[in-house]
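Here's the letter readout for the chains.
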Amino acid sequence: MSEQHNVVLLTFPDAAAWQPAFDEAKHLPGLRMAAAMERGADGLLEIEDTFTRGAGLATVGSSVLGGLIGLLGGPVGVLLGFAAGAAIGNAAEEHQASEGGAGLILLSPRVPDGGALLALEVREAAPGPADELAARHGASVERIDGHAFAEQVRAAEKRAEQDAEQDGGGTG
């Protein structure tokens, strides 16, 4: 069976139930990112925790590669290559984090009052592990195709940029 790229949403009617499920979710096969959002009875939404598998690898890998390329320029080249590589890797990770934040904004209306939502980006060979996790913790499960969700996020970002240009007079 081929893997399916999904955003798996676990909805908890009781806000206190998300933490043990979040800790277990970090070990799901194919998990890439996880985020926990909680909404108080007063309607206030908070992002309680996030997890990204392999966070920092792009920065470290780019730094090392830049340092190796910098060997051609001697000790100063190594230093400059390492710094340039770190900057490039960090920019890639920042872009990924900003996309994740936009996705959470898009999902925020799904968080029930007094409840919580775990959003999991996962490549699933089968739905069983995430479904079993949800069942153990009393959560309902919803799946969104990862590629379709990414398109929704991009469309929302584009609308926000257009609204900002209209509101701000398009200065730039």
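Please refer to the structure placed before this passage.
Residues numbered from 1 in each chain as written. Predicted model: local features only at pLDDT ≥ 70, side-chain atom pairs only at ≥ 80, totals over all residues. Heavy atoms only, no water.

**Examining the overall build of the protein**
The line we're drawing: Only DSSP runs of H or I reaching four residues or more are called helices, and only runs of E reaching two or more are called strands; each is numbered from the N terminus. Burial here depends on accessible area, computed with a 1.4 Å probe over protein chains only, as a share of the maximum for the residue type. Under 20% is buried, over 50% is exposed, and the range in between is partly exposed. The contact rule is simple, with two residues in contact once any of their heavy atoms fall within 4.5 Å. Only the protein chains shown count as covering a residue, and every accessible area follows the Shrake-Rupley method with a 1.4 Å probe.
Check the secondary structure of the protein and you find five helices and five strands. Each helix (α) and strand (β) of the protein, taken in turn from the N terminus, gives the series β-α-β-β-α-α-β-α-β-α. With 172 residues in all, the protein has 32% of them scored as buried. Of all intrachain contacts in the protein linking residues separated by at least 6 positions in sequence, the fraction that spans at least 24 positions is 76%. When the accessible surface of the protein is summed, it comes to about 9,800 Å², and 60% of that surface belongs to carbon and sulfur atoms.

**Re the packing of aromatic side chains**
Note the cut-off: Stacked, edge-to-face and tilted labels apply to pairs of Phe, Tyr and Trp rings (six-membered ring for Trp) whose centres lie within 6.5 Å, assigned for plane angles under 30 degrees, over 60, and everything in between, in that order.
What the rule picks out here adds up to one aromatic pair. Aromatic side chains Trp 18 and Phe 22 sit 5.9 Å apart centroid to centroid with 80° between the ring planes, which places their arrangement in the edge-to-face category. With Trp 18 and Phe 22 both in helix H1 (residues 18-25) and four residues apart, the pair spans about one turn of that helix. Judged by its relative accessible area of 0%, Phe 22 falls in the buried class.

**Focus: helix H5 (residues 146-168)**
Which entries qualify depends on this criterion: What a helix should span is 1.5 Å times the count of its residues minus one. Here a polar contact is recorded for every N or O atom pair within 3.5 Å, except that within protein the pair must consist of a potential hydrogen donor and a potential acceptor, and residues adjacent in sequence are included only if both atoms are side-chain atoms.
Between the first and last C-alpha of H5 there are 32 Å, a value that for 23 residues agrees with the 33 Å anticipated at 1.5 Å per step. Of all the positions in H5, only Gly 146, Phe 149 and Val 153 are classed as buried. At the N-terminal boundary of H5, the capping side chain belongs to Asp 145, with an oxygen 3.1 Å from the backbone nitrogen of His 147.

**Points about the nonpolar core**
Definition in use: Here, the term nonpolar core denotes a set of buried Ala, Val, Leu, Ile, Met, Phe, Trp, Tyr and Cys residues that are joined through side-chain atoms within 4.5 Å.
The biggest cluster of nonpolar side chains holds 20 residues, and the ones touching the most others in it are Leu 10, Phe 12, Trp 18, Leu 28, Leu 118 and Leu 120. Of all the elements in the fold, those that place two or more residues in this core are strand S1 (4-12), H1, strand S2 (31-39), strand S4 (116-124) and helix H4 (128-137). Leaving out residues up to four positions away in the same chain, Trp 18 has contacts with Phe 12, Ala 36, Glu 38, Glu 48, Asp 49, Ala 116 and Leu 118.

**Some points on H4**
The test is simple: Comment: arc refers to directions from the helix axis out to C-beta atoms.
What H4 keeps buried is the set Ala 130, Leu 133, Ala 134 and His 137. Along H4, the residues classed as buried sweep out an arc of 95° about the axis, all on the same side. Exposed residues pointing more than 90 degrees away from the buried face of H4 are listed as Ala 135 and Arg 136. Against S1, H1, S4 and strand S5 (140-145) lie the buried residues of H4. After H4 finishes, the residue Gly 138 shows a positive phi value of roughly 70°.

**A look at the environment of Arg 154**
For Arg 154, the location among the structural elements is in helix H5. For Arg 154 and Gly 103, which are 51 residues apart along the polypeptide, the C-alpha to C-alpha distance reads 9.1 Å. Of the polar contacts made by the side chain of Arg 154, one reaches the side chain of Glu 151; its length is 2.6 Å.

**Section: the sheet that holds S5**
This is how the line gets drawn: At least two bridges found by DSSP between two strands is the condition for calling them paired. The convention used is that axes are lines fitted to C-alpha atoms, helices contributing only their stretch in contact, and that angles between N-to-C directions extend from 0 to 180 degrees.
Reading across the sheet, the five strands line up as S3-S2-S4-S1-S5 and stay open at both edges, with antiparallel pairing between neighbours. Only two strands of the sheet have a single neighbouring strand rather than two, namely strand S3 (45-52) and S5. Taken pair by pair, the neighbouring strands of this sheet meet at an average axis angle of 20°, ignoring direction. Against the sheet, H1 contacts S1, S2, S3 and S4, and its axis sits at roughly 175° relative to S2. Of the strands in this sheet, S1, S4 and S5 touch H4, which is tilted by about 5° from S1.

By themselves these figures say nothing about function.
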